[in-house]
Amino acid sequence: MTPRMQHGEPGATSTRGVLDPAFRAASLETMRATSADPEAELDLLIIGGGVVGAGAALDAATRGLKVAIVEARDWAAGTSSRSSKLIHGGLRYLEMLDFALVREALQERGLLIDRIAPHLVRPVPFLYPLTKRFIERPYVGAGIALYDGMSLASGHSRGVPFHRHLSRKATLRSAPSLKDEAFVGSIRYYDAQVDDARLVMDLVRTAANYGAVAANRVKVVDFVREAGRVVGAQLADQESGEDFTVRAKQIVNATGVWTDETQDLVTDRGQLRVKASKGVHLVVPRDRFQSTVGLILRTEKSVLFVIPWGRHWIIGTTDTAWTLDKAHPAASSEDIDYILDHVNKVLKRPLTREDVEGVYAGLRPLLAGESDSTAKLSREHVVTHPVPGLVVVAGGKYTTYRVMARDAIDEAVRSMDLNAPVSCTETIPLLGAEGYQAAWNSRHRLARTSGLHVSRIEHLLGRYGSLARDVLALATSDPELARPLPGADDYLAAEVVYATTHEGARHVEDVLTRRTRVSIESWDRGVAAAPVVAGIMAPLLGWSQAQCEREVAFYEARVAAERASQEQPDDESADETRLNVEDIVPVRD
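For every chain, the first residue of the written sequence is number 1, and numbering continues from 1 along that sequence. Predicted model: local features are reported for residues with pLDDT of at least 70 only, side-chain atom pairs are reported and counted for 80 or more only, and whole-chain, interface and lining totals are derived from all residues. The basis for the side-chain values is all heavy atoms of the structure; hydrogens and waters are excluded.

Looking at an unreviewed UniProt entry, one finds the protein named Glycerol-3-phosphate dehydrogenase and attributed to Arthrobacter rhombi. UniProt positions are given in the numbering used here, feature names are shortened, and annotations may be inferred rather than shown by experiment. Recorded in UniProt for the protein, the comment headed Subcellular location (unreviewed entry) runs: "Cytoplasm". UniProt, in the comment section headed Cofactor (unreviewed entry), describes the protein in these words: "FAD".

This is the structure we're talking about:
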């Protein structure tokens, strides 16, 4: 299957913020030039391509700064593609009296829904089941009323309805699969959800659109120091094996759970330490139980969410300390049983292992404290300047990424001899956001002109926003590209082309786990689609047949290792099993 429309040809799709191979090569050349020409020095180098690093790159670029961002693996490869996919104020933090964090998160939730990413962030209803008569309803109701009130006070509550109290009978109408005896009533309230990996992708693309240079699969192996100051970094291109130096006035370390390791390349007297907490989620088909709303359930340790996710439910999460491999946190059999046991307490028909379609595990970067429980560690963030030339940002919540990014760039700018403007990212819509509502209103016409079902158009609009027209242009240029991927009916072959030519995908894994969510939404976790994806990517990236075969073999081995790790009884054995597969690297002639 060879795409007929290539980037740059007449009639090709939009070139705004395009992360194609040529852009990556040009970005690397821009960074290399800084070591030879003092005039080429960067204002800022951002390390880490998760949501905070990507947000920092956008913040810097929209202030007019010369900025580069590098990521050792793929954009959002770590925590930022393995979250609960919620944009929320953190209802349980009210119980901890952390009002400032909740207020800040609700403000950001509103901005994302209203302005920054309405194509990716949308309200979703939840039920908070009540189990005790008389006492619980006023207590929980007061908390949720405060939650809604703080949202209203933020000035960004459009599209997020206020809560409602429901009787047991009304609760069962909303969620017929709940056990009658599991609750006495409920309160329905709203939060929001997001495709976390796609939000990061749009942040990076938008930053590139405003002048940032960006390269994934580029690792920082050391820092360059002069007179006790960090003035640059030694980088390794994971694709070519080339090492080179980049110079910048300030470097921002936004590496999440790798904060300590990156910071330790410079100093062992860092001002903060990060502790990793593992969160496991299960993905089950939507038809396994009936409900028109999500659920939030109290557990002895934290809370458990049951989140509507297209034709699926996402159920999670755990919250346990993790000290093993950070690149590939493994879900164990114990994790899966914990989630199933807790959700089955409220379901008429219990879920079993056979109902689980996908499993994923991510690590929260929590600020280390005195508590042994990761559930009690702070979700607030800290920005420090451990040595001149290096800014470190860590902690925080996915929802407040923009504030974290702003604070990090504020600190970096403060240390430079620059009169840089203040942050303006609260006013900057991401690519795909502008014109999204008009595109949504035109979805039936787009369905007629493209020959695709309107539900397909809606799925594309919910992933690409107004840029869905670019994907549709590819699909209508070649009937082969309008076909769904094997075993993954929700995704078109055209999306593989777009991921490669516009979104920086370098490997089959990038497409199946982050540009799409096939790896967690299909029963075979993308194994059937992998050869087709490799065949589409090969001519676009110049792969040999040998590289094509290696890509497919690696992906199959990765899936097998993850499945095997999920059969192991504990973290140690699950980690050992998952690490049987090394990361993919290109064949280097």
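Having seen it, we continue.
(A) Seen up close, the side chain of Asp490. Assignment of secondary structure puts Asp490 in strand 20 (residues 488-492). Of note is the side chain of Asp490, whose polar atom sits 2.7 Å from the side chain of Arg311. Only heavy atoms matter for contacts: two residues are in contact if any of them lie within 4.5 Å across the pair. Every residue in contact with Asp490, bar those within four places of it in the chain, is listed here: Arg311, Arg456, His459, Glu495 and Glu521. Secondary structure elements follow DSSP: runs of H or I of four or more residues count as helices, runs of E of two or more count as strands, with numbering from the N terminus. Polar contact is defined as a pair of N or O atoms within 3.5 Å, subject to the rule that within protein one atom must be able to donate a hydrogen and the other to accept it, and that residues adjacent in sequence are counted only when both atoms are side-chain atoms.

(B) Just the UniProt feature "domain: Alpha-glycerophosphate oxidase C-terminal" (unreviewed entry) in the protein, in detail. Under the UniProt annotation, the feature "domain: Alpha-glycerophosphate oxidase C-terminal" (unreviewed entry) is placed at residues 423-547. When the span residues 423-547 is considered, its composition is 58% helix and 6% strand, and the gap between its end C-alpha atoms is 43 Å.

(C) The arrangement of empty space enclosed by the protein in detail. Using a 1 Å grid laid over the protein atoms alone, points where a 1.4 Å probe fits but cannot get out form a cavity; open sets with protein on both sides within 12 Å along at least 5 of 7 lines form a pocket; any residue with an atom within 4 Å of a point counts as lining. Grid points are joined across faces, edges and corners, and a volume is the space filled by probe spheres set on the points. Using the criterion set out here, one finds six cavities of 30 Å³ or more in the structure. Here the largest cavity defines a volume of roughly 390 Å³. Around the largest cavity, the lining comprises 28 residues; the ones closest to its centre are Arg82, Tyr360, Thr513, Arg558 and Glu562. When grouped by side-chain class, the residues that make up the lining of the largest cavity number nine nonpolar, six polar and 13 charged. What the second largest cavity holds in volume is close to 80 Å³. Around the second largest cavity, the lining comprises 13 residues; the ones closest to its centre are Leu19, Asp20, Arg24, Asn216 and Gly504. Sorting the residues of the lining of the second largest cavity by element identifies helix 1 (21-33) and strand 7 (213-216) as the ones contributing at least two each. Nonpolar residues are Ala, Val, Leu, Ile, Met, Phe, Trp, Tyr, Cys and Pro. Charged residues are Asp, Glu, Lys and Arg, and all others, Gly as well, are polar.

(D) Structural context of the packing of aromatic side chains. Between 30 and 60 degrees the pair is tilted, below 30 it is stacked and above 60 it is edge-to-face, where a pair is any two Phe, Tyr or Trp rings, Trp via its six-membered ring, whose centres lie within 6.5 Å. Across all of its chains, the model carries six aromatic pairs by this definition. Geometrically, the ring pair formed by Tyr147 and Tyr189 is edge-to-face, given 6.2 Å between the ring centres and 80 degrees between the ring planes. Pair noted here: Tyr147 is in helix 5 (residues 136-153) and Tyr189 is in strand 6 (residues 185-194), with a separation of 42 residues, a long-range link. Under the scheme applied here, a residue whose accessible area is under 20% of the maximum for its type counts as buried, over 50% as exposed, and between as partly exposed, the area being computed with a 1.4 Å probe on protein chains only. Look at Tyr147 and you get buried, because its relative accessible area is 0%. Centroid distance Phe289 to Trp313: 4.6 Å. Interplanar angle 15 degrees. Geometry classified as stacked. Of this pair, Phe289 sits in the loop between strand 11 (274-285) and strand 12 (294-298) while Trp313 sits in strand 14 (residues 312-316), placing them 24 residues apart in sequence. Residue Phe289 shares its accessibility class with Trp313, and that shared class is buried. By definition here, charges over rings are those cases where NZ of Lys or CZ of Arg is within 6 Å of the ring centre and within 35 degrees of the ring normal. One cation-aromatic arrangement involves Arg32 over Phe244; the distance from NZ or CZ to the ring centre is 5.4 Å. Sitting over the ring of Trp309, Lys85 keeps its end group 6.0 Å from the ring centre.

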